[in-house]
Amino acid sequence: MTDTSASTSRMTNTGDTPRKPDDPCPDCGAAVPVDPRFATWCAACGWNADSGEPDPQPGRIGAFRIALARRHGEQLHEELVRDGDQLPRRDVHSVLSYALAGAVHLFTVALAVSGVLLVVLGWNTVVQPVIGLVLLVVAFALRPRLGRLPGDGVVLRRADAPALFTLLDEIADGVGTRAADAVVIDARFNASVSAYGWRRHRRVDIGLPLWATLAPQQRVALLGHEFGHYANGDTRHGLVIHTALRSLVTWYEVFTPARRNSRLVRADGLGELAQRAARPPAEAGLVRLAEALADVLMVLPRLAVLGVLRLLDHLTVRSAQRAEYLADRMAAGAGSSEAVVGLLDRLLTGEAVSNDLRTQAIRARTRLPGVDPKAVEAGLWTQLAARIASIPDREYDRLRRVSVLRGHAVDATHPPTHLRRALIADGGQLPATVVLDTDAAAAIDGELAPAHTRLAREVIRDL
Ligand SMILES: [Zn+2]
Ligand SMILES: [Zn+2]
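Residues numbered from 1 in each chain as written. Chains lettered and ligands numbered in written order. Predicted model: local features only at pLDDT ≥ 70, side-chain atom pairs only at ≥ 80, totals over all residues. Heavy atoms only, no water.

An unreviewed UniProt entry annotates the chain as M48 family metalloprotease originating from Streptomyces fildesensis. Check the Subcellular location (unreviewed entry) section of the UniProt entry for the chain; it says "Cell membrane". (UniProt positions renumbered as here; feature names shortened; annotations may be inferred.)

Shown next, in the form of structure tokens:
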């Protein structure tokens, strides 16, 4: 799912300019309604619609990926509107991406093999086994991760949540894919699917802050979208490419000079180990020279890794974005087009949701007079749902404008949210094929009650 950023909704702020309630729009003079919970803005000319903080500057890889996301997102939207659904084909891009990912993994294997050979054959030298061990450590860090279930998270199996799994089975059946093996409930404003272990069991991650604010059919749409990823041949979710991308990011970190992360070092409490000022000037000069030399030595491998990473990204981003659009269409087939549009609007409220949770956590922790921390904890998710449900259409209208202005899509594998919404809202309207009725919804809520309690406690403790 993952668009959580297009969200400058504030439950408390009224904007920066001091205004009287009846003041007209300063730009066009139109009447501007005031709701003290939200930013004041003009629907006629757009004045103050996007009054939030500018987006944080992404890093080098991040900026490149955001640009890719926009370009492909717009192109694909045009194509899908024109040509209708097309399942991803095995085209040149996908063949090349598998070849490249294979080469990345082969490189890791070569490191491991060289490491073993150096240790075994060079045993009676001192240098070779040491180099061999270094290579083995690096190969270990780069190994493809198969994924696993979180040891300390909230994990639900079929027997723990029969009603939830009945719903999951119906949705998986509808989009034509295998059922889920485990559900992980967490505190993110998100949902996702992944595979784990050698046998590629299927795991669905559901973030309670998102789930709690969705209407029943929107929950069906959310799960329909996630299962859509299994059904539509999304290569980036596949083992080979996903693990290769992870290895490349690890490489990139290895070749990035540690000094650039000096703030992190200080946060780790290692600051005193790097006290250059205490050294005599000549020695400090030598250290700087050594650092500069190390930088020069790392520049080439870093650029090479960045190049391969960008290439693999480039080769797969387009198919990943197509997979997102198709997953939205599958979600509409399961939960209805209307539910998907509602879901995509809800994704714009991420900031309102996290502000609300933070406010409640602070209320519970500061023990203000008249505030019962136990009651805050017990009502955390229902209160959140009620407050998000009370967001008026006018605020959604503003959030959608912000989404268009900023082209939000958090990460490059997702097209901009407003284009995803437009594809479903303007396309043929599909009815629901999976209906989550009141009884089933209540049964699922009951099964999730222990998760509600545990995550409410964690949110109040940690946020
Ligand atoms: Zn998705
Ligand atoms: Zn105006």
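S.K.: Give a description of the coordination of the zinc ion (ligand 2) that names residues and reports values.
M.R.: For the zinc ion (ligand 2), every protein donor is listed as Cys-25 (SG), Cys-28 (SG), Cys-42 (SG) and Cys-45 (SG), and the spread of their distances is 2.2 to 2.3 Å. Look at where the donors of the zinc ion (ligand 2) fall in the sequence and you get C-x2-C-x13-C-x2-C. In this pair, Cys-28 sits in the segment before helix H1 (60–83) while Cys-45 sits in the segment before H1, placing the two residues 17 residues apart along the sequence. Since its relative accessible area comes to 41%, Cys-28 is described here as partly exposed. Judged by its relative accessible area of 37%, Cys-45 falls in the partly exposed class. (Donors = N, O, S within 2.8 Å, 3.2 Å for Na, K, Ca; no water. Helix = DSSP H or I, 4+ residues; strand = E, 2+ residues; numbered from the N terminus. Buried < 20%, exposed > 50% of the residue type's maximum accessible area, 1.4 Å probe, protein only.)

S.K.: Can you break down helix H13 (residues 380–389) residue by residue, with the values?
M.R.: Since one α-helical turn is 3.6 residues long, residues separated by three or four positions face the same way. For H13, the set of buried residues is Leu-380, Trp-381, Leu-384 and Ile-388. Projected onto a plane normal to the axis of H13, the buried residues spread over an arc of 90 degrees and lie on a single side. For H13, the exposed residues lying more than 90 degrees away from the buried face are Thr-382 and Ala-389. (Arc of directions from axis to C-beta.)

S.K.: Just give me the short version of the coordination of the zinc ion (ligand 1), but keep the residues and values in it.
M.R.: Those donors, His-225 (NE2), His-229 (NE2), Glu-324 (OE) and Glu-324 (OE), are the protein atoms that reach the zinc ion (ligand 1), and they lie 2.1 to 2.8 Å from it. If you look at the zinc ion (ligand 1), its 4 donor atoms make angles of 51 to 135 degrees with each other, and the shape they trace is irregular. Read N to C, the donor residues that coordinate the zinc ion (ligand 1) are spaced as H-x3-H-x94-E. Taken together, the residues span about one helical turn, with His-225 and His-229 both in helix H6 (residues 216–231) at a distance of 4 residues. For His-225, a relative accessible area of 0% translates into the label buried. Here His-229 falls in the buried class, since its relative accessible area comes to 4%. (Tetrahedral: all angles 85-135°; square planar, octahedral: opposite > 155°, others 65-115°.)

S.K.: Any chance you could break down a positive patch on the surface for me, citing the residues and the numbers?
M.R.: On the surface, a cluster of positive charge is made up of Arg-143, Arg-145, Arg-148 and Arg-246. Structurally, the position occupied by Arg-143 is in the loop between helix H3 (127–142) and strand E1 (154–156). (Patch = residues over 30% accessible without salt bridge, like charges linked within 9 Å, V, L, I, M, F, W, Y side chains within 5 Å. Areas by Shrake-Rupley, 256 points an atom, 1.4 Å probe, with all protein chains shown as cover. Salt bridge = Lys/Arg side-chain N within 4 Å of Asp/Glu carboxyl O. Lys, Arg positive; Asp, Glu negative; His and termini not counted. Charge placed at Lys NZ, Arg CZ, Asp CG, Glu CD.)

S.K.: Outline the pattern of salt bridges, listing residues and values.
M.R.: Between side chains of opposite charge, a pair can form as their charged atoms come close. As enumerated under the stated definition, the model contains 16 salt bridges in all. A salt bridge links Arg-322 to Glu-79; the nearest nitrogen and oxygen atoms lie 3.6 Å apart. Of the two residues, Arg-322 is situated in helix H9 (residues 281–335) and Glu-79 in helix H1; the sequence distance between them amounts to 243 residues. Taking the relative accessible area as the measure of exposure, Arg-322 reaches 7% and is therefore buried. For Arg-400, the salt bridge identified is with Asp-345, shortest N-O distance 2.8 Å. Of this pair, Arg-400 sits in helix H14 (residues 393–406) while Asp-345 sits in helix H10 (residues 337–346), placing them 55 residues apart in sequence. The buried category is assigned to Asp-345, whose relative accessible area is 10%.

S.K.: Lay out the packing of aromatic side chains with the relevant residues and their values.
M.R.: Scanning the entire structure with this criterion turns up 2 aromatic pairs. Arranged with centres 6.2 Å apart and planes meeting at 50 degrees, the rings of Phe-227 and Tyr-230 form a pair that is tilted. Pair noted here: Phe-227 and Tyr-230 are both in helix H6, with a separation of 3 residues, about one helical turn. Neither Phe-227 nor Tyr-230 differs from the other in exposure class; each is buried. The ring centre of Phe-140 lies 4.1 Å from the NZ or CZ of Arg-143, which sits over that ring. (Phe/Tyr/Trp six-rings, centres within 6.5 Å; stacked < 30°, edge-to-face > 60°. Lys NZ or Arg CZ within 6 Å of the ring centre and 35° of its normal.)

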